[in-house]
Amino acid sequence: DGKISDKEQMNLTAVKWMVEKIKSPDLNYKTPKAVLMGIHPKYWKSILAYDQVETAKKLKLPIYILNGERDVQVLMSEFHLWQKHLADMKNVQFKSYPLADHLFLEFEGKPNPDEYYIPNHVPQHVIDDLVNFIKSN
């Protein structure tokens, strides 16, 4: 509804605090998992040290980057960053799907987290695109 309840604000504040702890230069292997969204500090340190773009640039195998335009977890701005950084690579293909969410299920209107609970199927055209990519490579 666009309004943040007191409980939601409290959760948001807690998550922001945890993200700050994760990104802190003080993050170490003794940091309690409870402070880090329940995930071991070793995982966060490895994620923070990993450069996905540079890794992808070194790959010679075919890369297919697809994104749902209604995805609220992996935003189109991230898709566009991949396009920007890998645009010159001949082994990379990009495809976005206007009606697809994070699971590549199609809905219309404003994205809603309740959609995850609606039985649905990945559309045939998304499957066909993936199959064609695999066959052509």
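Above this text sits the structure in question.
Attention in this report is confined to the structure presented alongside it. (Residues numbered from 1 in each chain as written. Predicted model: local features only at pLDDT ≥ 70, side-chain atom pairs only at ≥ 80, totals over all residues. Heavy atoms only, no water.)

**Digging into the environment of L103**
Reasoning step 1: Mapped onto the elements, L103 comes out in the loop between strand 2 (92-97) and helix 5 (124-136).
Reasoning step 2: Separated by 97 residues in the primary sequence, L103 and D6 have C-alpha atoms spaced 30 Å apart.
Reasoning step 3: Those residues in contact with L103 that sit more than four places away from it in its chain are Y116 and V122. (Helix = DSSP H or I, 4+ residues; strand = E, 2+ residues; numbered from the N terminus. Contact = heavy atoms within 4.5 Å.)

**So, the nonpolar core**
Reasoning step 1: The biggest cluster of nonpolar side chains holds nine residues, and these are V53, A56, I63, I65, M76, F79, L86, M89 and V92.
Reasoning step 2: For this core, the element with the most residues is helix 4 (residues 76-86), which contributes three residues.
Reasoning step 3: For V92, the contacting residues outside a window of four places in its chain are I63, I65 and L86.
Reasoning step 4: In terms of nonpolar packing, the next biggest core, distinct from the first, is built from six residues, Y64, Y97, F104 and F133 among them. (Core = buried A, V, L, I, M, F, W, Y, C linked by side-chain atoms within 4.5 Å. Buried < 20%, exposed > 50% of the residue type's maximum accessible area, 1.4 Å probe, protein only.)

**A word on the pairing of strand 2**
Reasoning step 1: Summarising the sheet, strand 1 (residues 63-68) and strand 2 pair through six bridges and their orientation is parallel. Paired with N67 across the bridge in strand 2 is S96.
Reasoning step 2: With helix 4 bridging strand 1 and its parallel neighbour strand 2, the resulting β-α-β unit is right-handed. (Pairing = 2+ DSSP bridges. Right-handed = clockwise from strand over helix to strand, strands pointing away.)

**Some thoughts on unusual backbone geometry**
Reasoning step 1: Despite not being glycine, M37 has its phi angle at roughly 60°, a positive value.
Reasoning step 2: By the element assignment, M37 lies in the loop between helix 1 (6-23) and helix 2 (41-49).
Reasoning step 3: A positive phi angle, near 65°, is found at F104, a position not held by glycine.
Reasoning step 4: Inspection of the secondary structure puts F104 in the loop between strand 2 and helix 5.

**Description of the pattern of salt bridges**
Reasoning step 1: Under the definition given, this model contains three salt bridges.
Reasoning step 2: With a shortest N-O distance of 3.6 Å, E54 and K57 are connected by a salt bridge. One end of the pair is E54 and the other is K57, both in helix 3 (residues 52-58) and three residues apart, which spans about a single turn.
Reasoning step 3: In this structure, E115 engages R70 in a salt bridge whose closest nitrogen and oxygen atoms are separated by 2.9 Å. Remark: R70 occurs in the loop between strand 1 and helix 4 and E115 occurs in the loop between strand 2 and helix 5; sequence separation between them is 45 residues.
Reasoning step 4: Exposure remark for R70: the relative accessible area of 7% places this residue in the buried category. (Salt bridge = Lys/Arg side-chain N within 4 Å of Asp/Glu carboxyl O.)

**Some remarks on helix 4**
Reasoning step 1: Inspection of helix 4 places M76, F79 and L86 among the buried residues, and these make up the whole buried set. Projected down its long axis, helix 4 carries its buried residues within an arc of 105°, all on one side.
Reasoning step 2: On the buried face of helix 4, the contacting elements are helix 3, strand 1 and strand 2. (Arc of directions from axis to C-beta.)

**Things to note about the packing of aromatic side chains**
Reasoning step 1: Evaluated as defined, the whole model comprises four aromatic pairs.
Reasoning step 2: For the pair Y43 and W44, a centre-to-centre distance of 5.2 Å together with 70° between the ring planes defines the contact as edge-to-face.
Reasoning step 3: Owing to a relative accessible area of 15%, W44 belongs among the buried residues under this scheme.
Reasoning step 4: With a centroid separation of 6.0 Å and 90° between ring planes, the pair formed by Y97 and F104 is classed as edge-to-face. For the pair shown, Y97 and F104 are each scored as buried.
Reasoning step 5: Of note, K45 hangs over the ring of Y29, and the distance from its end group to the ring centre comes to 6.0 Å. (Phe/Tyr/Trp six-rings, centres within 6.5 Å; stacked < 30°, edge-to-face > 60°. Lys NZ or Arg CZ within 6 Å of the ring centre and 35° of its normal.)

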